[in-house]
Amino acid sequence: MLWAAIFLPQLALDGVLRRHAAPEAPLVLLQGSDQHRIVFAVNPAAQAAGLRPGLSLNAALALLPSFESLPYNPQEFLQYQEFLAAWAYRYSSLVYLDGSDILLLEIEASLGLFGPWPKFEHQLRADLTALGFHHQLALAPTARAACVLATAHDGALAFDRTQLRKVLAAVPLQATRLPSAQIAALAGMGIRTLQQLLALPRTGLTHRFGSGLSIYLEELLGDRIEIRDCYRPPDVFDLKLEFNYEIVEYRPLLFPLKRLLGDLGVYLEQRDEGVQHFEVRLFHAEQEPTSLPIGLLSPTRDASQLYEFCRSRLEQLVLPAAVRGLQLCAHELPPLPATTRDLFAPETNGSMTWEILRERLRAKFGNNAVMQILPHADARPEYSMRTVVQLTEEPPSLALPPRPTWLLPAPVLWEENIKKILKGPERIEAGWWDGEDFRRDYYIIQTYRGQIAWVFRPVGIKTGPWMLHGWFA
Amino acid sequence: MRAGQAGMNSLSPTLTALLGNPLIWRGTKPAVVQQAVHRPTGFEELDAVLPMRGWPATGLVEILSAAPGLGELSLVLPMLAGLSAQQKPIVMVAPPYRPYAPTWHCAGIRLGQLYLAETHTDQGLWAMEKALRSGCCGAVLGWPAQADDRSLRRLQVAAEGGQTLGFIFRALGAARAPSPAPLRLSLEAKPQGSVLQILKCRGIHPPSGSILLRPTAH
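Remember, it's a predicted structure, so these values are computed and weren't measured experimentally.

Visitor: Sorry, what's going on with the pattern of salt bridges here?
Guide: Opposite charge on two side chains allows them to pair when their charged atoms are near. Enumeration according to the criterion identifies 25 salt bridges over all chains in this entry. Between A:Glu279 and A:Arg281 there is a salt bridge; the shortest N-O distance is 3.1 Å.

Structural data, given as structure tokens:
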């Protein structure tokens with residue numbers, strides 16, 4: 001195995017600076033209680049003025065009377081860690097977080113795809129620079145050694161264990177990521193580099209420092225297999241883009257939206273999942289965000305389809321205020337049912353499938369614009385069918401007396417004379433159980449215009465107008 | 001005769017090649033239309049007069065009915081049943097009444113393939129055009145209230161492009177206006193029953209006789 005370690009020396013500060021308008025001005029991150037604030041991180045300008053982590057706020061103010069200070073937010077720190085781990089997941093399926101500031105990638109398997117190493121390294125560095133994170137990179141055959149090398153020496157390389165011993169020899173103990181008490185104790189013994197430490201007899205070290213140190217050294221050199229918990233990408237997709245300018249119309253939103261949906265598509269593909277319900281949120285300067293929930297009838301992961309649906313919904317949206325940010329959250333990611341294709345099935349002519357067309361119609365005319373019908377066991381014509389969004393199975397076949405093909409939404413008065421009664425009466429008397437009961441005598445009749453209609457009269461009424469309820473069209 | 005034929009052949013081989021094109025109908029005898037799919041209408045008399053011996057595979061069919069209840073749906077139900085059995089979606093765009101599910105089910109329509117699209121009042125043609133052009137539907141049925149020559153032409157182009165069969169149901173009054181639909185049928189009530197007449201059909205001269213679709217019961 002080959003491990004690439006990415007040491008992020010100032011992750012918290014980078015996280016703040018990358019979205020800061022004036023990163024050149026002196027800036028410090030503070031932590032600690034209100035009474036006792038301590039500088040946690042400083043940017044280069046502040047460092048040049050003599051500020052350094054660990055100073056109290058008063059001491060810092062004494063050195064530099066004016067600088068911008070922001071509270072260090074551990075939550076945000078974690079968010080950037082997650083973000084970078086997700087980024088690293090692009091390059092390797094084995095991504096680990098070591099401590100708070102190191103990202104480990106197993107890259108031997110990835111070299112075939114992204115390699116050779118110099119090219120791969122260049123790619124990683126270019127990405128990190130573009131994202132705005134300071135970093136140090138190292139490559140080693142063990143994870144522990146990669147972490148140590150990345151901390152000690154940017155660009156350190158060791159492809160096998162012989163090389164590794166040589167490269168490690170010069171590493172000072174401060175960079176070994178050992179507990180500081182141990183480093184101090186070893187320094188007291190006159191040991192300052194790893195070479196000196198490795199030359200000492202192991203049994204003596206175990207006696208003095210416990211088994212932890214010798215396990216560390218074995219892992220460092222690859223004599224012992226290290227077990228770590230690897231990073232798992234989160235089960236929800238949540239990405240947010242912030243604009244530096246205000247967007248007042250939907251069209252400029254389409255491009256960033258397309259990018260977010262593209263990311264979602266890649267994410268879903270990696271996980272072999274689809275998305276059915278998700279939400280697009282538009283952030284405004286002062287108002288509550290506008291939410292655009294999107295529900296599809298079946299899960300998909302085709303980014304262009306998703307874009308199509310979002311686009312038609314966005315087109316109809318009236319923006320209540322200028323948009324400052326765009327967020328895409330998908331919390332339910334159902335597995336996509338495997339589709340099998342018949343090799344000999346006839347090709348469809350259009351580029352569109354019925355599912356896409358239906359979503360398009362729903363997007364334009366509303367979620368209930370496309371419906372299906374099914375019979376329902378009730379003698380009353382008004383209640384004998386139902387509409388559903390999606391029919392799951394074909395209803396059982398039934399035997400019926402003659403019934404019309406068209407049913408009027410509600411019976412209407414038929415004042416014309418009828419030419420002939422073709423069939424009837426058929427008495428329908430039902431509904432006493434739910435208060436919607438009626439007693440009707442239905443007839444099939446022919447009108448003077450040749451139409452065949454389904455009409456009724458309430459039971460007991462022999463003359464007078466008919467009620468029209470359907471057409472035998 | 002022989003001389004004339006020889007003369008024509010020697011005169012213009014390109015012309016003979018052109019006349020061999022199945023899209024050209026010279027009007028002397030009914031065109032023979034060879035379709036990849038044969039879609040019988042379910043009415044033998046109608047099949048007998050149509051050049052493709054059934055419904056066309058693609059394009060627009062106009063059914064002009066003097067009034068509702070003359071059998072205009074019964075004309076298409078057998079074909080729709082066949083399409084739905086082949087798992088092809090059938091889309092009814094803004095129907096004027098509710099299709100009565102039990103009857104349709106009894107007529108052999110797989111209800112799982114039947115979709116009703118409710119559109120905004122003036123958007124029915126848009127929805128029909130989209131559905132026809134998509135090429136994923138078995139048949140698209142529409143009842144446009146206002147359809148001029150231009151919008152019908154769009155539908156016809158969409159139906160040809162999507163290789164889909166489209167049906168539009170209109171009032172008989174529209175028969176006077178020209179239409180780009182390759183097949184136009186009218187339904188009228190006569191003393192003997194509902195009578196079907198072919199107003200226009202690509203490939204044949206419309207027969208003067210009519211077909212008794214639904215005889216009056218005596």
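Visitor: What exactly am I supposed to notice about the packing of aromatic side chains here?
Guide: The geometry of an aromatic ring pair is captured by two quantities: the separation of the ring centres and the angle between the planes. Counted under the stated rule, the structure contains 20 aromatic pairs over all chains. Relative to A:Tyr72, the ring of A:Phe40 has its centre 4.0 Å away and its plane inclined at 15°; by these criteria the two rings are stacked. One end of the pair, A:Phe40, is in strand β3 (residues 38–42); the other, A:Tyr72, is in the loop between β4 (68–71) and α4 (74–88), and 32 residues separate them in sequence. Overall, the relative accessible area of 27% leaves A:Phe40 in the partly exposed class. Between A:Tyr443 and A:Trp466 the ring centres are 5.0 Å apart and the planes differ by 80°, which places this aromatic pair in the edge-to-face class. Here A:Tyr443, found in strand β17 (residues 438–447), pairs with A:Trp466, found in strand β19 (residues 466–471); they are 23 residues apart in sequence, far enough to count as distant. Each member of the pair, A:Tyr443 together with A:Trp466, is buried. Ring-pair connections join several aromatic residues into one group, and the members of that group are A:Trp87, A:Tyr91, A:Phe114, A:Trp117 and A:Phe120. Over the ring of B:Trp126 we find A:Lys364, and its NZ or CZ is 4.6 Å from the ring centre. The ring centre of A:Trp466 lies 3.8 Å from the NZ or CZ of A:Arg457, which sits over that ring.

Visitor: Can you help me understand helix α6 (residues 124–134) of chain B in this one?
Guide: Structural remark: α-helix, 3.6 residues per turn; residues separated by three or four positions point the same way. Of all the positions in α6(B), only B:Gly124, B:Ala127, B:Met128, B:Glu129, B:Ala131, B:Leu132 and B:Ser134 are classed as buried. In the core, the buried residues of α6(B) are packed alongside α15 (354–365) of chain A together with β1 (59–65), β2 (90–93), β5 (139–142), α7 (149–162) and β6 (165–171) of chain B. Trailing α6(B) by a residue or two, B:Gly135 shows a phi angle of about 75°, which is positive.

Visitor: Explain helix α8 (residues 161–169) of chain A here, please?
Guide: Residue and element names in this part refer to chain A. All of the buried residues along α8 are Leu164, Leu168 and Ala169. Take α8 and look down its axis: the buried residues cluster within an arc of 130°, on one side only. Exposed and facing more than 90 degrees away from the buried side of α8 are Thr162 and Lys166. Tucked into the core, α8 has its buried residues touching β7 (136–140), α7 (143–152), α10 (194–199) and α12 (211–221). Backbone nitrogen of Thr162 and a side-chain oxygen of the N-cap are separated by 3.3 Å at the start of α8; the cap is Asp160.

Visitor: Is there a simple way to think about the pairing of strand β8 (residues 193–201) of chain B in this case?
Guide: Each regular strand displays side chains that alternate between the two surfaces of the sheet. Residues and elements named next belong to chain B. With 8 bridges joining them, strand β7 (residues 183–190) and β8 adopt antiparallel strand pairing. Its bridge partner lying in β8, Leu183 is registered against Cys201. Linking β7 back to β8 in an antiparallel pair, the connection comprises 2 residues. As defined by bridge partners, β8 adjoins strand β9 (residues 211–215) across 4 bridges and the pair is classed as antiparallel. What sits directly across from Leu196, in β9, is Ile211.

Thresholds applied
Residues numbered from 1 in each chain as written. Chains lettered and ligands numbered in written order. Predicted model: local features only at pLDDT ≥ 70, side-chain atom pairs only at ≥ 80, totals over all residues. Heavy atoms only, no water. Salt bridge = Lys/Arg side-chain N within 4 Å of Asp/Glu carboxyl O. Phe/Tyr/Trp six-rings, centres within 6.5 Å; stacked < 30°, edge-to-face > 60°. Helix = DSSP H or I, 4+ residues; strand = E, 2+ residues; numbered from the N terminus. Buried < 20%, exposed > 50% of the residue type's maximum accessible area, 1.4 Å probe, protein only. Lys NZ or Arg CZ within 6 Å of the ring centre and 35° of its normal. Contact = heavy atoms within 4.5 Å. Arc of directions from axis to C-beta. Polar contact = N/O pair within 3.5 Å; in protein donor to acceptor, adjacent residues only side chain to side chain. Pairing = 2+ DSSP bridges.

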